[in-house]
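# Commentary on secondary and tertiary structure
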Amino acid sequence: MSRPEPNTYIHPNYRGWHNAPPFRCYAAAQRGSDGAVFFGVKFNGEVVLTIEDPRAGWSPWIEDWSGPMRPRSVTKLGAVGHQDGLQAWGIDDSMQLWSVAQDSNRLWGNWEGPNWNNAPLVHRVVAAKLGGTKTAAVWAITATDYSLISCYKEAGAWSPWSTAYPPPQVSRFRDITAAQQGNGCAAFWALDTRLQLWYMFELTPGGAWSGWLGPDWNGAPLDWDRTGVPFFNHIAACQQGGARGAVLFAIAHVNVKNSYQETAGGNWSAWSSSMGTTFHGARSMALAAAQQHDGTIRLWSTWPDDLSLCSVAQTSAGGEWGKWWTPWTPQ
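Quick summary incoming for the structure in this document. The structure displayed is predicted, hence computed values, not measured ones. (Residues numbered from 1 in each chain as written. Predicted model: local features only at pLDDT ≥ 70, side-chain atom pairs only at ≥ 80, totals over all residues. Heavy atoms only, no water.)

Helix and strand counts for the chain come out as 0 helices and 21 strands. A buried classification covers 56% of the 331 residues belonging to the chain. Taking as baseline every contact in the chain between residues at least 6 positions apart, the subset at least 24 positions apart corresponds to 42%. Summed over its atoms, the accessible surface of the chain is roughly 13700 Å², and 50% of this surface lies on carbon and sulfur atoms. (Helix = DSSP H or I, 4+ residues; strand = E, 2+ residues; numbered from the N terminus. Buried < 20%, exposed > 50% of the residue type's maximum accessible area, 1.4 Å probe, protein only. Contact = heavy atoms within 4.5 Å. Areas by Shrake-Rupley, 256 points an atom, 1.4 Å probe, with all protein chains shown as cover.)

This is how it looks when you write it as structure tokens:
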């Protein structure tokens, strides 16, 4: 059992994945054919990571992985792998945005911030790989009015922030996620402050976007389980390998649901709770997902009963799900 951070509540039955402390948040990204990386933020605000090696499995936790310039205490994370390497974003305890990126040798530099790329104060950040001449995009929810802003990387430079697409129904947002769809086009989802689910996608790789589709996209009504409580409260997305496109995971109260594209950029399946071979896949407090070196998705989840970090992976690229590991230990 790992030692808890000072002044941090730990359930007496806590068992952390790979001897991990409980995480306040985490994110994951794909490193191309080299595999995936998982970032976790401990309750003291320190960011640690573990890296998938196609030959040796997952590395031990790495603490001193970036340069000496770091945010004081990270509270939220976002990450993406694009053709220039991996890049991560962190929001500190003052809602200021920071970012850290790899160079051409895949070495991490210093965190840049606060207020990376002249960002306003934000309380959520996500990123996705783009196609065409653009390599990546970042979306954030502002801390002042919960509006959506975005910027993108092109020719090695990041654009200024701009208001991202007129909000539907004058909505404001509480959670966002994005992913590629297997056809070179990215997709983006948002939960607004009414907990309505919205979706949009690129029409061409790195090109124009569709309009908003929603509210309650793909048949996700507010009171789907008839408890009187709004349905989705957290979302995460990832591109699949094989013939399928993307998959969207959602937490309904504490229950994990998913919907996937049956073909790359194609139609979406009905919502399902079929996620692996044990009951641990049915409940969660937080989610993150990334493709591994073999094209399979690995999903990480915080088990609500004891805050342990669980994980499940597909048995083949775009295929079915295997066994949940509780706690998940890198193989």
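Next comes the rest of the write-up.
Once that is clear, we can look at unusual backbone geometry. When glycine is set aside, most residues are seen to have a negative phi, and most peptide bonds are trans. The linkage connecting glycine 113 with the following residue, proline 114, adopts the cis geometry, with an omega of 0 degrees. Relative to the helices and strands, proline 114 is located in the loop between β7 (97-101) and β8 (122-129). A cis amide bond links glycine 214 to the next residue, proline 215, at an omega of 5 degrees. Note on placement: proline 215 falls in the loop between β15 (197-201) and β16 (232-239).

For the rest of this paragraph, the subject is the environment of aspartate 103. Mapped onto the elements, aspartate 103 comes out in the loop between β7 and β8. On the accessibility criterion, aspartate 103 (35% relative accessible area) is partly exposed. In this structure the C-alpha to C-alpha distance between aspartate 103 and leucine 86, which are 17 residues apart in sequence, comes to 8.6 Å.

A few words now on the pairing of β16. Of all 8 residues that make up β16, 6 are buried, and the element is covered over most of its length. Pairing analysis gives 7 bridges linking β16 to strand β17 (residues 246-252), with the strands arranged antiparallel. Its bridge partner being in β17, alanine 236 is matched across the sheet by phenylalanine 249. The loop that links β16 with its antiparallel partner β17 comprises 6 residues; one of these, glycine 242, has a positive phi angle of about 70 degrees. (Pairing = 2+ DSSP bridges.)

Applying the stated criterion to the full structure yields 28 aromatic pairs. Ring plane angle 65 degrees and centroid distance 6.1 Å describe the contact between phenylalanine 38 and tryptophan 61, whose orientation is recorded as edge-to-face. In this pair, phenylalanine 38 sits in strand β2 (residues 36-42) while tryptophan 61 sits in the loop between β4 (57-58) and β5 (74-82), placing the two residues 23 residues apart along the sequence. The burial state of phenylalanine 38 is the same as that of tryptophan 61; both residues are buried. When the centroid spacing of 5.7 Å and the interplanar angle of 20 degrees are considered together, the rings of phenylalanine 173 and tryptophan 212 count as stacked. Placement of phenylalanine 173 in strand β13 (residues 173-180) and of tryptophan 212 in the loop between β15 and β16 is noted, with a sequence separation of 39 residues between them. (Phe/Tyr/Trp six-rings, centres within 6.5 Å; stacked < 30°, edge-to-face > 60°.)

Here the idea is simple: oppositely charged side chains can pair when their charged atoms come close. Summed over the entire model, instances satisfying the criterion amount to 6 salt bridges. The partner of arginine 72 in a salt bridge is aspartate 93, with the nearest N and O atoms 2.9 Å apart. Taken together, the positions of arginine 72 in the loop between β4 and β5 and aspartate 93 in the loop between β6 (85-92) and β7 put the pair 21 residues apart, joining distant regions of the chain. Between aspartate 175 and arginine 124 there is a salt bridge, and its shortest N-O distance comes to 2.6 Å. A residue pair is termed long-range when its members are at least 10 positions apart, and aspartate 175 in strand β13 and arginine 124 in strand β8 qualify at 51 residues. Of the residues examined, aspartate 175 reaches a relative accessible area of 4% and is grouped as buried. Where salt bridges share partners, they join Lys42, Glu46 and Glu63 into one cluster. (Salt bridge = Lys/Arg side-chain N within 4 Å of Asp/Glu carboxyl O.)

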